[in-house]
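Per-entry structural report
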Number of protein chains: 2
Amino acid sequence: MAKVQARIESALERLLPAAAIAPQRLHEAMRYVVLGGGKRIRPLLAFAAGEAAGAGADPGRLEILGCALECIHAYSLVHDDLPCMDDDVLRRGKPACHVEFDEATALLAGDSLQAFAFQLLTEQRLCDDPAVQVEMLKILAVACGSRGMAGGQAIDLASVGQTLTLPELEYMHIHKTGALIRASVALGARCSNALGPAQLEHLDHYAKYVGLAFQVVDDVLDQESSTATLGKTVGKDAANNKPTYVSVLGLARAKALAEELRCDAHEALATLGGTAQRLKDLADFIVLRKF
Amino acid sequence: MAKVQARIESALERLLPAAAIAPQRLHEAMRYVVLGGGKRIRPLLAFAAGEAAGAGADPGRLEILGCALECIHAYSLVHDDLPCMDDDVLRRGKPACHVEFDEATALLAGDSLQAFAFQLLTEQRLCDDPAVQVEMLKILAVACGSRGMAGGQAIDLASVGQTLTLPELEYMHIHKTGALIRASVALGARCSNALGPAQLEHLDHYAKYVGLAFQVVDDVLDQESSTATLGKTVGKDAANNKPTYVSVLGLARAKALAEELRCDAHEALATLGGTAQRLKDLADFIVLRKF
């Protein structure tokens, strides 16, 4: 994991426009939000899915893909932290982008990072087969859009002050965080041509479980951790009157759900054999992490 | 022109997610900002470039491309109007998106429209050759990003209160409005395979001149029109202490520059012959329009 994380950090460092290139302040902001932080969960999932797909998944391709996924993820955090959204000042232990720079720069840095992620997926070396590459671009676009991540944010905002049922809460998170996590696994697998439709479907089931588990654990940590260890403001959802797995289920049942989803994720990989070991390890990491 | 405008309106109506699909408010906002307004300059340029490229450019492909260009353009207007950017309340004669809905919805509608534009360019029917399609996606991504449109916005914001030279003003507009206009022509031409590198370069020169002319005329109209005829707040740049072609050159020299750019645009098309007539007409329309 540390190896993939270091590889992604160094690739992002290299691929993002240098801070010396105009417009400098915008490029500084893009680098500020992408570099030097984060667990790189989405690239880790992509690399692990590439490994599960067998020998065909070239690490150089997974690296580009991983960088694109991190750019999308970082853009979503920057826009999410803006005053008109969650209005948060702390992210990854540092001032949020709009605090360190300004709101307009944060808005444009997010917009630019989304475009940059699509640009990365058009790199020639990503794929031998341009038809598959177009399909990959489509998977990312759908995952980011109004029926994916951005739509999930909209549902999240609409849920403030609402009492949600468990299915409603799941529906929100399947979009808000789940869409990009599913795309990470689907795109990682497509860096190889080794998997058939049935196996891609198993991977997708795995990704759905892991995506939900990720959010359940986030909600548990938000309840149990301090702002210092988490590097972001804790208790924010409660303060904003937003439903969470903990508020809907209580702490004990939320923890049990995370454990159940971890087992479901393992089971989804049953037919894939040994190459899926790293995906299993990641499900464990996501559920058992402390921060 | 009216035929292409009606075709784009109806295609957007059909392709954008229906307002009845969840998340409804977000989809309503996306439709609100894209449908029912605008001159559709970018699709018009794409169609005309496709025509200049000869028989190969299928109108069905140009239609999808035109919709993608309008989604990018609309997203940029929505984010541009936000309080942290130009803080404008009027757009195309209607309340700006964040006024009609709210800031968070406007932010997410813009984000979603950017993703949706890339999704449209992944449509199978856009292109016979997926390698060309990947190239088209790259052209759009670069045009939208930090060294294109979003970068131009950043330069624009940084110019508030500054005295710019003419080259500095040009540099800003080449990015802010020029990048997407160049992409419109380049992508329209690539809906056919009929043009060689030299002809594509002539088209690109044309697009650069037209992009600049467009902005010069915008600045002139901003000075000479009323808010009612223009459908957006006039005199805003002056009020925001932003440099314009009129503030840098004066009204008479700005008008002369627009005319010069119109002639340059015509000349760039000299070797292309009769198929480029509609591009010439569009250069005239852009420079001679009254609103």
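Residues numbered from 1 in each chain as written. Chains lettered and ligands numbered in written order. Predicted model: local features only at pLDDT ≥ 70, side-chain atom pairs only at ≥ 80, totals over all residues. Heavy atoms only, no water.

1. Some points on the relation of the copies chain B and chain A
For clarity, the threshold we go by: When the copies are overlaid, the least-squares fit takes in C-alpha atoms only where the residue has pLDDT of at least 70 in both copies. Any pair of residues with heavy atoms lying within 4.5 Å of one another is described as a contacting pair.
Least-squares fitting of chain B to chain A yields an RMSD of 0.0 Å, with the transformation described by 0.0 Å of translation along the axis and a rotation of 180°. Overall, the copies show the geometry of a two-fold rotation axis. Of the C-alpha atoms belonging to chain B, the one lying closest to the rotation axis is found on P130 of chain B, 2.7 Å away. Counting the interface residues of chain B, we find that 100% of their copies in chain A are interface residues as well, pointing to one common contact surface.

2. Observations regarding the packing of helix 3 (residues 41–52) of chain B against helix 16 (residues 277–288) of chain B
Residue and element names in this part refer to chain B. We count it as follows: Inter-axis angles, ranging from 0 to 180 degrees, are taken between N-to-C directions of lines fitted to C-alpha atoms, where helices are fitted over the stretch in contact. Helix numbers and strand numbers start at the N terminus; a helix is a DSSP run of H or I with at least 4 residues, a strand a run of E with at least 2. What sets the label is the angle itself: under 35 degrees gives roughly parallel, over 145 gives roughly antiparallel, 65 to 115 gives roughly perpendicular, and the rest give oblique. Classes in brief: Ala, Val, Leu, Ile, Met, Phe, Trp, Tyr, Cys and Pro nonpolar; Asp, Glu, Lys and Arg charged; the others, Gly included, polar.
The geometry of helix 3 relative to helix 16 is characterised by a closest axis approach of 8 Å and an angle of 155° between their N-to-C directions. Judged by the inter-axis angle, helix 3 sits roughly antiparallel to helix 16. Along the contact surface, helix 3 presents I41, L44, L45, A48, A49, E51 and A52, while helix 16 presents R278, L279, L282, F285 and I286. Of the residues belonging to the contact of helix 3 with helix 16, the class tally is 10 nonpolar, no polar and two charged.

3. What to know about the packing of aromatic side chains
Defined as follows: Side-chain rings of Phe, Tyr and Trp, where Trp is taken by its six-membered ring, are said to pair if the distance between their centres is within 6.5 Å; with planes under 30 degrees apart they count as stacked, over 60 as edge-to-face, and otherwise as tilted. Buried means the residue's accessible area, taken with a 1.4 Å probe over protein chains only, is under 20% of the maximum for its type, while exposed means over 50%, and partly exposed covers the values in between. Sitting over a ring, as applied to charges here, requires NZ of Lys or CZ of Arg to be within 6 Å of the ring centre and within 35 degrees of the ring normal.
Going through the model one piece at a time under the given rule, you end up with three aromatic pairs over all chains. With centroids separated by 4.4 Å and ring planes inclined at 10°, the aromatic side chains of F118 of chain A and F118 of chain B adopt a geometry described as stacked. One end of the pair, F118 of chain A, is in helix 6 (residues 103–121); the other, F118 of chain B, is in helix 6 (residues 103–121), on a second chain. Here the two residues F118 of chain A and F118 of chain B agree in accessibility, since each one is buried. Plain terms: the ring middles of Y32 of chain B and F101 of chain B are 5.5 Å apart, the flat faces sit at 75° to each other, and that makes the pair edge-to-face. Linking Y32 of chain B in helix 2 (residues 24–34) with F101 of chain B in the loop between helix 5 (97–100) and helix 6, this pair joins segments that are 69 residues apart in sequence. Exposure remark for Y32 of chain B: the relative accessible area of 17% places this residue in the buried category. A cation over an aromatic ring shows up here: R42 of chain B above the ring of F214 of chain B, its NZ or CZ 5.7 Å from the ring centre.

4. Thoughts on the pattern of salt bridges
To keep things clear, this is the line we draw: The rule for a salt bridge is simple: a side-chain nitrogen of Lys or Arg has to be within 4 Å of a carboxyl oxygen of Asp or Glu.
In total, this model carries 38 salt bridges over all chains according to the counting rule given. Of the charged contacts in the structure, one is a salt bridge between D156 of chain A and K242 of chain A, with a shortest N-O distance of 3.0 Å. On the criterion of sequence distance, the pair formed by D156 of chain A in helix 8 (residues 149–158) and K242 of chain A in the loop between helix 13 (236–239) and helix 14 (245–249) is long-range, its members being 86 residues apart. Look at D156 of chain A and you get buried, because its relative accessible area is 3%. Residue class for K242 of chain A comes out buried when judged on its relative accessible area of 6%. Between D156 of chain B and K176 of chain B there is a salt bridge, and its shortest N-O distance comes to 2.8 Å. In this pair, D156 of chain B is assigned in helix 8 (residues 149–158) and K176 of chain B in helix 9 (residues 166–176), connecting sequence segments 20 residues apart. Salt bridges sharing common partners tie together E9, R40, E70 and R92 of chain A.

5. Section: the nonpolar core
Under the convention used in this document: Buried Ala, Val, Leu, Ile, Met, Phe, Trp, Tyr and Cys residues that are joined via side-chain atoms within 4.5 Å together make up what is termed a nonpolar core.
One finds L140 and Y206 of chain A together with L140 and Y206 of chain B to be the most contacted residues of the largest nonpolar core, which totals 168 residues. Those residues within four positions of Y206 of chain B in sequence are excluded, and the remaining contacts are L45, V185, A265, A268, L269, L279, L282 and A283 of chain B.

6. Some words on a negative patch on the surface
Using the following cut-off: Residues enter patches when they are more than 30% accessible in relative terms and free of salt bridges; like-charged ones are connected within 9 Å and nonpolar ones (Val, Leu, Ile, Met, Phe, Trp, Tyr) within 5 Å. Note on areas: these come from Shrake-Rupley sampling with a 1.4 Å probe, and a residue is covered only by the protein chains present in the view. When charges are counted, neither His nor the chain ends are considered; positive counts come from Lys and Arg and negative counts from Asp and Glu. To locate a charge, take atom NZ for lysine, CZ for arginine, CG for aspartate or CD for glutamate.
Together, D87 and E103 of chain A together with D87 and E103 of chain B make up a negatively charged patch on the protein surface. In this structure, D87 of chain B sits in the loop between helix 4 (59–81) and strand 1 (90–91). The exposure class assigned to D87 of chain B is partly exposed, which follows from its relative accessible area of 47%.

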